[in-house]
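Inside the fold
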Amino acid sequence: EGYRFVFWNFDNPIIIRSSEEFAKAMGKAQAKEISSYKEYYSDKEVFGNYRLVNNIDMSQIDQNAEGTDVVKLTTSTKTFKGLIDGNGFTISNISLVSSSVCENFGLFAKLENAVIMNLDLIVESIKNRQAHIVGTLAGTAIDTRILAINIRPKDGGVDTSILGNNVVGGVVGMLFGESKIHDVV
């Protein structure tokens, strides 16, 4: 079997209280880097143990704004390796739109050796017609556990828009390895 190195500490999670904290903790969200988080991400990966302690409203982040103090969500181009415990809270108003050519697209590009659990997601849209594999959480999940996730459309609607070029899934586009999805609505 062998030993697998794990990047997170279950007993000491990074606490996420707002969309701004989510964006900053998950990657270089501003021109000026936040030193307290930079050990948990690189240009291609995010790793660590994260726990939500409030509902998160993603409409507070403007993906098209410019400037040095502007906070942007950069996770849709990164691989997440770690744990996100939603703690029963909701990430709402998820609207990810891009026209960049890429392999994977979603809240994260890929999930690898990750656990995403106890989380409600309210999705407005996930759209990238240039991405080959698209899903709400990620395009691709490898050796990942997705547990107790509720995904629903914005404003109590009956559907949402998730668009991609080739493979599209409501939760993830494709699952590989020992990945498992359980209790997802």
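Residues numbered from 1 in each chain as written. Predicted model: local features only at pLDDT ≥ 70, side-chain atom pairs only at ≥ 80, totals over all residues. Heavy atoms only, no water.

1. As for the pattern of salt bridges
- Per the counting criterion, the structure on display carries five salt bridges.
- Between R17 and E21 there is a salt bridge, and its shortest N-O distance comes to 3.4 Å.
- One salt bridge in this structure joins K81 and E112, with 3.9 Å as the shortest N-O distance. Here E112 lies in strand β7 (residues 108–112) and K81 lies in strand β4 (residues 79–85), a separation of 31 residues in the sequence.
- Taking the relative accessible area as the measure of exposure, K81 reaches 15% and is therefore buried. (Salt bridge = Lys/Arg side-chain N within 4 Å of Asp/Glu carboxyl O. Helix = DSSP H or I, 4+ residues; strand = E, 2+ residues; numbered from the N terminus. Buried < 20%, exposed > 50% of the residue type's maximum accessible area, 1.4 Å probe, protein only.)

2. Overview of the sheet that holds strand β9 (residues 131–135)
- With parallel pairing, three strands are arranged side by side in an open sheet as β6-β9-β13. The two strands at the open ends of the sheet, each matched to only one other strand, are β6 (102–105) and β13 (167–169). Sheet twist, expressed as the mean angle between neighbouring strand axes with direction ignored, is 10°.
- Bridge count between β6 and β9: three bridges; the pairing is parallel. The partner of N104 across the bridge, within β9, is I133. (Pairing = 2+ DSSP bridges. Axes fitted to C-alpha atoms, helices over the stretch in contact; angles between N-to-C directions.)

3. Regarding the packing of aromatic side chains
- Evaluation of the coordinates by the stated rule reveals two aromatic pairs.
- Ring geometry for Y50 versus F80: centroids 6.0 Å apart, planes at 50°, classification tilted. Here F80 lies in strand β4 and Y50 lies in strand β2 (residues 45–52), a separation of 30 residues in the sequence. In this pair, the class of Y50 matches that of F80, namely buried.
- Between F80 and F108 the ring centres are 5.0 Å apart and the planes differ by 40°, which places this aromatic pair in the tilted class. A residue pair is termed long-range when its members are at least 10 positions apart, and F80 in strand β4 and F108 in strand β7 qualify at 28 residues.
- Three or more aromatic residues link up through ring pairs in this structure, and these residues are Y50, F80 and F108. (Phe/Tyr/Trp six-rings, centres within 6.5 Å; stacked < 30°, edge-to-face > 60°.)

4. Description of the nonpolar core
- Among the nonpolar cores identified, the biggest contains 39 residues, and F22, Y50, F80, I91, F108, L111 and L121 are the most heavily contacted of them.
- Among residues more than four places away in sequence, those in contact with F108 are F22, M26, T75, S76, K78, F80, I84, L137, A138 and G139. (Core = buried A, V, L, I, M, F, W, Y, C linked by side-chain atoms within 4.5 Å. Contact = heavy atoms within 4.5 Å.)

5. Quick look at the confidence of the model for the protein chain
- Summing up the model confidence of the protein chain, the mean pLDDT is 85 and the portion of residues at 70 or higher is 81%.
- Per-residue pLDDT stays below 50 along residues 1–8; that stretch engages in ten contacts with residues further than four places along the chain or on separate chains. (pLDDT = per-residue confidence, 0-100.)

6. Examining empty space enclosed by the protein
- All told, the structure shown has one cavity of 30 Å³ or more when counted by the stated rule.
- Of the pockets and cavities examined, the largest cavity occupies roughly 40 Å³.
- Residues of the lining of the largest cavity, tallied by class, amount to eight nonpolar, no polar and no charged. (1 Å grid on protein atoms, 1.4 Å probe; cavity = no way out; pocket = protein on both sides within 12 Å on 5 of 7 lines; lining within 4 Å. Points joined across faces, edges and corners; volume = space filled by probe spheres on them. Nonpolar A, V, L, I, M, F, W, Y, C, P; charged D, E, K, R; others polar.)

7. Considering the environment of A141
- With respect to the element layout, A141 can be found in strand β10 (residues 138–142).
- Look at A141 and you get buried, because its relative accessible area is 0%.
- In sequence terms A141 and E112 are 29 residues apart; their C-alpha atoms lie 5.9 Å from each other.

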